[in-house]
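# Tertiary structure, described
The chain contents come next:
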Amino acid sequence: MPTYRHTSVVPVDFATVWVFYDAIEGLEALTPEWLGGRVSRVVGPDGTVAPDEFRVGTEVHLTIQPFNCAFLPEREWVVSITDREVSDDRAGFVDEQVDDRGPFETWRHTHRFAALDGDTVLHDRITYRVPTAGDLPVMTPFLAGFLRYRHRRTRALLAE
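On a predicted model such as this, the values are computed, not experimentally measured, just so you know.

Calculation rules
- Residues numbered from 1 in each chain as written.
- Predicted model: local features only at pLDDT ≥ 70, side-chain atom pairs only at ≥ 80, totals over all residues.
- Heavy atoms only, no water.
- Buried < 20%, exposed > 50% of the residue type's maximum accessible area, 1.4 Å probe, protein only.
- Helix = DSSP H or I, 4+ residues; strand = E, 2+ residues; numbered from the N terminus.
- Pairing = 2+ DSSP bridges.
- Salt bridge = Lys/Arg side-chain N within 4 Å of Asp/Glu carboxyl O.
- Core = buried A, V, L, I, M, F, W, Y, C linked by side-chain atoms within 4.5 Å.
- Contact = heavy atoms within 4.5 Å.
- Axes fitted to C-alpha atoms, helices over the stretch in contact; angles between N-to-C directions.
- Phe/Tyr/Trp six-rings, centres within 6.5 Å; stacked < 30°, edge-to-face > 60°.

All right, on to the pairing of strand β5 (residues 90-97) then. By the criterion of burial, β5 is predominantly enclosed, with 6 of the 8 residues buried. Relative to β5, strand β4 (residues 75-86) runs antiparallel, the two sharing 7 bridges. Bridge assignment links R84 to a residue of β5, and that residue is F93. Hairpin connection of β4 to β5: 3 residues between the antiparallel strands.

Next comes the structure, spelled out in structure tokens:
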């Protein structure tokens, strides 16, 4: 399957970055306008609406309309948190698309964070498959822009 990775260092302490990424507000702030997406609801593994953190079993429901084009129908995209690790200087989680409830045949996004001398290393890894494209990396340029945007936005929001 096609895979895209992006790593950068943000001049912000690990705890601040982790708290930001582990919250619905962080997800909303990091969703680019050109994705035409919004978080419609987040449900924790125990049924709690809008939980305080992304625990294993949490489902995130997004509504997307790429490039805000009226001729492209809105679509629901549901991902579930399937893995989560947290320690004093490292953390991460994995979200995977739930069945066919999104634009991909398969989607797995690994988010990793590590403390580095007062800064934080952000590492994203996305493995995906697009319907009808098989293992062609047709979405890689889009994902490259998406992750670069998220890392720059993290820096802009948290390093001020």
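Next comes the rest of the description.
With the rule as written, the count across this model stands at 8 salt bridges. Across the salt bridge formed by D22 and R84, the nearest N and O atoms sit 2.8 Å from each other. Remark: R84 occurs in strand β4 and D22 occurs in the loop between α1 (14-21) and α2 (24-29); sequence separation between them is 62 residues. Residue D22 is classed as buried on the basis of its relative accessible area of 7%. According to the relative accessible area criterion, R84 is partly exposed, its value standing at 22%. The residue R112 makes a salt bridge to D83 at a minimum N-O spacing of 3.9 Å. With a gap of 29 residues between them, R112 in strand β6 (residues 106-116) and D83 in strand β4 connect regions that are remote in the sequence. A residue is classified by how much of its surface remains accessible, and D83, at 26% relative accessible area, is partly exposed.

In this section: the nonpolar core. Counting residues in hydrophobic clusters, the biggest one holds 36 residues, and the most contacted among them are F54, W107 and F113. Per-element tally for this core: the top contributor is α1, with 5 residues. Ignoring sequence-local partners within four residues, the contact set of F113 consists of F14, V17, W18, Y21, D89, R90, A91, G92, F93, T120, V121 and L122.

The next subject is the sheet that holds β6. Read from one edge of the open sheet, 7 strands run β1-β7-β6-β5-β4-β3-β2, paired in antiparallel fashion. At either end of the open sheet lies a strand with only one pairing partner, and these are β1 (3-10) and β2 (37-43). Put simply, the sheet's adjacent strands are angled 20° from each other on average, direction ignored. Judged from the 11 bridges that link them, β6 and strand β7 (residues 119-129) form a sheet pairing that is antiparallel. Counted as the bridge partner of F113 is L122 from β7.

Burial of the side chains of β1 is restricted to one face: Y4, H6, S8 and V10 are buried, whereas none of T3, R5, T7 and V9 on the reverse face is. Direction of pairing for β1 relative to β7: antiparallel, over a ladder of 8 bridges. Of the residues in β7, the one forming a bridge with T7 is H123.

So, on to the packing of aromatic side chains. Two aromatic rings, taken as a pair, are described by how far apart their centres are and by the angle between their planes. Under the counting rule described, the total for this entry stands at 10 aromatic pairs. With a centroid separation of 5.8 Å and 85° between ring planes, the pair formed by F20 and Y21 is classed as edge-to-face. Looking at F20, the relative accessible area reads 15%, which means it is buried. Given a relative accessible area of 4%, Y21 falls into the buried group. With a centroid separation of 5.6 Å and 40° between ring planes, the pair formed by W77 and F104 is classed as tilted.

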